[in-house]
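# Results of the structural survey
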Amino acid sequence: MTLKQFIILAVIGALIGLLASGVEKWWQQDQSVASTARLEKLPEFSLTSMDGDTWHSDNAARKILVLNFWATWCPPCREEMPVFNKLQREYAHQDVEFIGIAIDDREAVHDFIDSYGVDFTILMGNTESVTLSERLGNRFSALPFTVIADKGGKIKFRHAGGVKEQQLRPVLAELSK
C-alpha cells in the first residue's frame, strides 16, 4: 500500500467514524415533539381571518384552544378537516375552539374552505406563524401540526403530522370536564 492510498483510507475511515457518531447521537435524542418544545404556554399572537379582520389570541381567552397549522396542498391536512369540523361542533358548547392557521395562498384556502365545508375559524398564516409553530414544538416545521391548550393557555397536547380523532378526543374530554 502506498502512502497516498493509506492517507485516502485514513480520511475515509475518519469520515465514516464522524458520520456514525453523528447518526448515533441523533438517534439517541428523544425524537418526540413535546421534548423539543420551547414554550409551555401559548403566547399572544394575532393573524388575519379569511374576512380580513385581525384575530387576536385573547379572543380565545378562557377557552380550550385547538390550533392546527395546515396547508391546502397537504394530504394529511385534508384528511383532518372532517374530524376537526365534527369535534368543533361536538365540543363548542364546552368552550372548545378550533383555529386553523393556513400556511398557504388566500385564494386556495378560500376554495378549500368552500369545497371541504370547513366551519371553524381559519386564519391566514405568514412567516411569523411558522416561527410560532416552531416555538410551540414543531421542530421540523412539519404540516400539519396541532397543539391543544387548556383554558389558561397551558399546552397539553402537541402533534406533528396527521392527527386522528382517537388522539384528540381523550384530551378534549379531559380538558372540558
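Our subject is the structure that appears above.
First, a word on what this report is: a plain description of the structure on this page. (Residues numbered from 1 in each chain as written. Predicted model: local features only at pLDDT ≥ 70, side-chain atom pairs only at ≥ 80, totals over all residues. Heavy atoms only, no water.)

Trp-70, Phe-98, Val-109, Ile-122, Ile-148, Leu-168 and Leu-172 are the most contacted members of the largest nonpolar core, which totals 29 residues. For this core, the secondary-structure elements that each account for two or more residues are strand 3 (64-70), helix 3 (75-91), strand 4 (96-102), helix 4 (106-116), strand 5 (121-124) and helix 6 (165-175). Looking at this core, the element that brings in the most residues is helix 3, giving six residues. Not counting residues up to four positions away in its chain, the partners in contact with Leu-168 are Val-83, Phe-84, Leu-87, Thr-146, Ile-148, Phe-157 and Val-163. Counting residues in hydrophobic clusters, the runner-up holds 18 residues, among them Leu-65, Leu-123, Leu-132 and Phe-145. (Core = buried A, V, L, I, M, F, W, Y, C linked by side-chain atoms within 4.5 Å. Buried < 20%, exposed > 50% of the residue type's maximum accessible area, 1.4 Å probe, protein only. Helix = DSSP H or I, 4+ residues; strand = E, 2+ residues; numbered from the N terminus. Contact = heavy atoms within 4.5 Å.)

Quick look at helix 4 now. Those residues of helix 4 not exposed but buried are Val-109, Phe-112 and Ile-113. The buried residues of helix 4 occupy an angular sector of 100° when projected down its axis, which confines them to one face. Pointing more than 90 degrees away from the buried face of helix 4 are the exposed residues Glu-107, Asp-114 and Ser-115. With a side-chain oxygen positioned 3.2 Å from the backbone nitrogen of Glu-107, the residue opening helix 4 is Asp-105. Following helix 4 by one or two positions, Gly-117 has its phi on the positive side, about 65°. (Arc of directions from axis to C-beta. Polar contact = N/O pair within 3.5 Å; in protein donor to acceptor, adjacent residues only side chain to side chain.)

Another aspect to go through is a negative patch on the surface. Judged by side-chain charge, Asp-105, Glu-107, Asp-111 and Asp-114 come together as a negatively charged surface patch. In this fold, Asp-114 is placed in helix 4. (Patch = residues over 30% accessible without salt bridge, like charges linked within 9 Å, V, L, I, M, F, W, Y side chains within 5 Å. Areas by Shrake-Rupley, 256 points an atom, 1.4 Å probe, with all protein chains shown as cover. Salt bridge = Lys/Arg side-chain N within 4 Å of Asp/Glu carboxyl O. Lys, Arg positive; Asp, Glu negative; His and termini not counted. Charge placed at Lys NZ, Arg CZ, Asp CG, Glu CD.)

As a further point, take the side chain of Ser-49. Following the sequence through the fold, Ser-49 ends up in strand 1 (residues 46-49). Beyond its immediate sequence surroundings of up to four residues, Ser-49 is in contact with Arg-106, Ile-122 and Leu-123.

Okay, the packing of aromatic side chains next. For the coordinates displayed, the defined rule picks out seven aromatic pairs. The interplanar angle of 45° and the centroid separation of 4.8 Å between the aromatic rings of Trp-70 and Phe-112 together place this pair among those described as tilted. Separated by 42 residues along the polypeptide, Trp-70 in strand 3 and Phe-112 in helix 4 bring together distant segments of the chain. Judged on exposure class, the residue Trp-70 and its partner Phe-112 are both buried. Seen in terms of ring centroids, Phe-98 and Phe-120 are 6.1 Å apart; in terms of plane orientation they differ by 55°. Their pairing is tilted. (Phe/Tyr/Trp six-rings, centres within 6.5 Å; stacked < 30°, edge-to-face > 60°.)

Structural measurements only, silent on function.
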